[in-house]
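Commentary on secondary and tertiary structure
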Amino acid sequence: MQQNRELSGASGLRIAAVSRITKIPVDTLRAWERRYGVVKPVRSETSARLYAEEDVLRLKLIKALVDRGHGIG
């Protein structure tokens, strides 16, 4: 299914919306993606990150764990 999202007009939430929903700064989202691979959003035709609902849920869980003192690494 992920492959189909990449090939056909991909849909999902943009990074600013995910940042607002998860309360994770945009720079942190980019760093977590780059450094730790916690999510792999698909890219739109204009290279915008598009996050699936599963990505948002995963990010909320990770943020809750980090807020409780667990290391992201």
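These notes cover the structure that comes with them. The structure presented is a predicted model; accordingly, all values stated were derived computationally and were not measured.

**Looking at the pattern of salt bridges**
Scanning all chains against the criterion turns up three salt bridges. The shortest N-O distance in the salt bridge between Glu-33 and Arg-49 comes to 2.6 Å. Of this pair, Glu-33 sits in helix 3 (residues 26–36) while Arg-49 sits in strand 2 (residues 49–50), and the two are 16 residues apart along the sequence. Across the pair Lys-63 and Asp-67 runs a salt bridge whose closest N-O atoms are separated by 2.8 Å. Placement of the pair is Lys-63 and Asp-67 together in helix 4 (residues 53–67), with a separation of four residues, close to one helical turn.

**Section: the side chain of Thr-22**
Along the chain, Thr-22 turns up in helix 2 (residues 15–22). There is a polar contact of 2.7 Å between the side chain of Thr-22 and the backbone oxygen of Val-18. In terms of polar contacts, Thr-22 uses its side chain to reach the backbone amide nitrogen of Ile-24, at 3.3 Å. The contact partners of Thr-22, leaving out residues within four places of it in the chain, are Val-56, Leu-59, Lys-60 and Lys-63.

**Let's talk about the side chain of Asp-55**
Here Asp-55 lies in helix 4. At 2.9 Å, the side chain of Asp-55 and the backbone nitrogen of Ala-52 are in polar contact. Each residue touching Asp-55, except ones within four places of it in the same chain, is listed here: Val-39, Pro-41 and Leu-50.

**Section: the nonpolar core**
Of all hydrophobic cores here, the largest spans 11 residues; its members are Ile-15, Val-18, Ile-24, Leu-29, Trp-32, Val-38, Val-39, Tyr-51, Val-56, Leu-59 and Ile-62. When contributions to this core are tallied by element, the ones reaching two or more residues are helix 2, helix 3 and helix 4. Sort the elements by how many residues they give to this core and helix 4 lands first, with three residues. Those residues in contact with Ile-24, other than ones at most four positions away along the chain, are Ser-19, Leu-29, Trp-32, Leu-59 and Lys-63.

About the thresholds
Residues numbered from 1 in each chain as written. Predicted model: local features only at pLDDT ≥ 70, side-chain atom pairs only at ≥ 80, totals over all residues. Heavy atoms only, no water. Salt bridge = Lys/Arg side-chain N within 4 Å of Asp/Glu carboxyl O. Helix = DSSP H or I, 4+ residues; strand = E, 2+ residues; numbered from the N terminus. Polar contact = N/O pair within 3.5 Å; in protein donor to acceptor, adjacent residues only side chain to side chain. Contact = heavy atoms within 4.5 Å. Core = buried A, V, L, I, M, F, W, Y, C linked by side-chain atoms within 4.5 Å. Buried < 20%, exposed > 50% of the residue type's maximum accessible area, 1.4 Å probe, protein only.

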